[in-house]
Amino acid sequence: MIDPATKDDYPQLIDVWESAVKSTHDFLKPEDFEFYKSQMPFYFGHVNLYAYRNQDGETKGFLGVADSKIEMLFVDNTSRGIGIGKKLLTFAVNELKANQVDVNEQNQQAVSFYQHFGFKIIGRSDLDGEGRNYPLLHLEKI
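Residues numbered from 1 in each chain as written. Predicted model: local features only at pLDDT ≥ 70, side-chain atom pairs only at ≥ 80, totals over all residues. Heavy atoms only, no water.

Caption draft 1: Looking closely at the sheet that holds strand β4 (residues 69-75). On the basis of which strands lie adjacent, the open sheet formed by 7 strands has the order β1-β2-β3-β4-β5-β7-β6 and mixed pairing. Whereas interior strands pair on both sides, the edge strands pair on one side only; in this sheet they are β1 (2-4) and β6 (119-125). With direction set aside, neighbouring strand axes in the sheet form an average angle of 30 degrees. Here strand β3 (residues 59-66) pairs with β4 via 6 bridges, running antiparallel. The residue bridging Gly61 from the neighbouring strand is Val75, located in β4. Where helix α2 (residues 30-44) meets the sheet, its contacts fall on β2 (48-53), β3 and β4, and the angle it forms with β4 comes to roughly 130 degrees. Contacting β4, β5 (100-104), β6 and β7 (136-141), helix α4 (residues 108-116) runs over the sheet at an angle of about 155 degrees to β5. (Pairing = 2+ DSSP bridges. Helix = DSSP H or I, 4+ residues; strand = E, 2+ residues; numbered from the N terminus. Axes fitted to C-alpha atoms, helices over the stretch in contact; angles between N-to-C directions. Contact = heavy atoms within 4.5 Å.)

Caption draft 2: Structural view of the packing of aromatic side chains. All chains considered together, the criterion is met by 11 aromatic pairs. Ring geometry for Tyr50 versus Phe91: centroids 5.0 Å apart, planes at 65 degrees, classification edge-to-face. Of this pair, Tyr50 sits in strand β2 while Phe91 sits in helix α3 (residues 84-94), placing them 41 residues apart in sequence. The residues Tyr50 and Phe91 share a single accessibility class, namely buried. Three or more aromatic residues joined by ring pairs make a cluster, and in this case those are Tyr10, Phe44, Phe62 and Phe74. Here the basic side chain of Arg132 rests over the ring of Tyr36, its NZ or CZ set 5.8 Å away from the ring centre. (Phe/Tyr/Trp six-rings, centres within 6.5 Å; stacked < 30°, edge-to-face > 60°. Buried < 20%, exposed > 50% of the residue type's maximum accessible area, 1.4 Å probe, protein only. Lys NZ or Arg CZ within 6 Å of the ring centre and 35° of its normal.)

Caption draft 3: Fine view of the pairing of β5. By the bridge criterion, 2 bridges tie β4 to β5 in an arrangement that is parallel. Looking at the pairing, Ile70 lines up with Val101 of β5. Of the crossover connections in this fold, the one passing from β4 over α3 to the parallel β5 is right-handed. The pairing of β5 with β7 spans 5 bridges and is classified as antiparallel. Its bridge partner being in β7, Val101 is matched across the sheet by Leu139. (Right-handed = clockwise from strand over helix to strand, strands pointing away.)

Caption draft 4: Representation of the layout of surface pockets within the structure. Each pocket or cavity is described by its volume, and for the largest pocket that value is around 1,200 Å³. Lining the largest pocket are 42 residues; nearest its centre among them are His25, Glu71, Met72, Leu73 and Phe74. Looking at the lining of the largest pocket, the elements that each hand over two or more residues are α1 (10-24), α2, β4, α3, β5 and α4. Here the element with the most residues in the lining of the largest pocket is β4; it accounts for 7 residues. Residues that form the lining of the largest pocket fall into these classes: 24 nonpolar, 11 polar and 7 charged. (1 Å grid on protein atoms, 1.4 Å probe; cavity = no way out; pocket = protein on both sides within 12 Å on 5 of 7 lines; lining within 4 Å. Points joined across faces, edges and corners; volume = space filled by probe spheres on them. Nonpolar A, V, L, I, M, F, W, Y, C, P; charged D, E, K, R; others polar.)

And the structure:
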């Protein structure tokens, strides 16, 4: 089930984020990982936030969208590969009308994931949104 997330969900969402990032973002420096983790509550406050919960009510993934852009989509590492990311992405595209996303260039799994679902690279930035040296690819579903 996908439903709106609240501030009460933040601790579980941060746990999901940490699990996902540790398994997919091996290019992050430890100090940058800690910085981004500390910023997650701030980031959450700037998006429409949705949680994916399994039948036991456990949060296994989440999605953040602002306007027509997917700002975050993460799946707990123990739940990867079973369709949660696809469900969150489908929800973002079909229900929230999101058709853009930025992806770390070094995260080829994510780049491939979005391309598999019809997103195309339309641009690149040398730095991420925080001005750090993690190039971003800008993708759009056309």
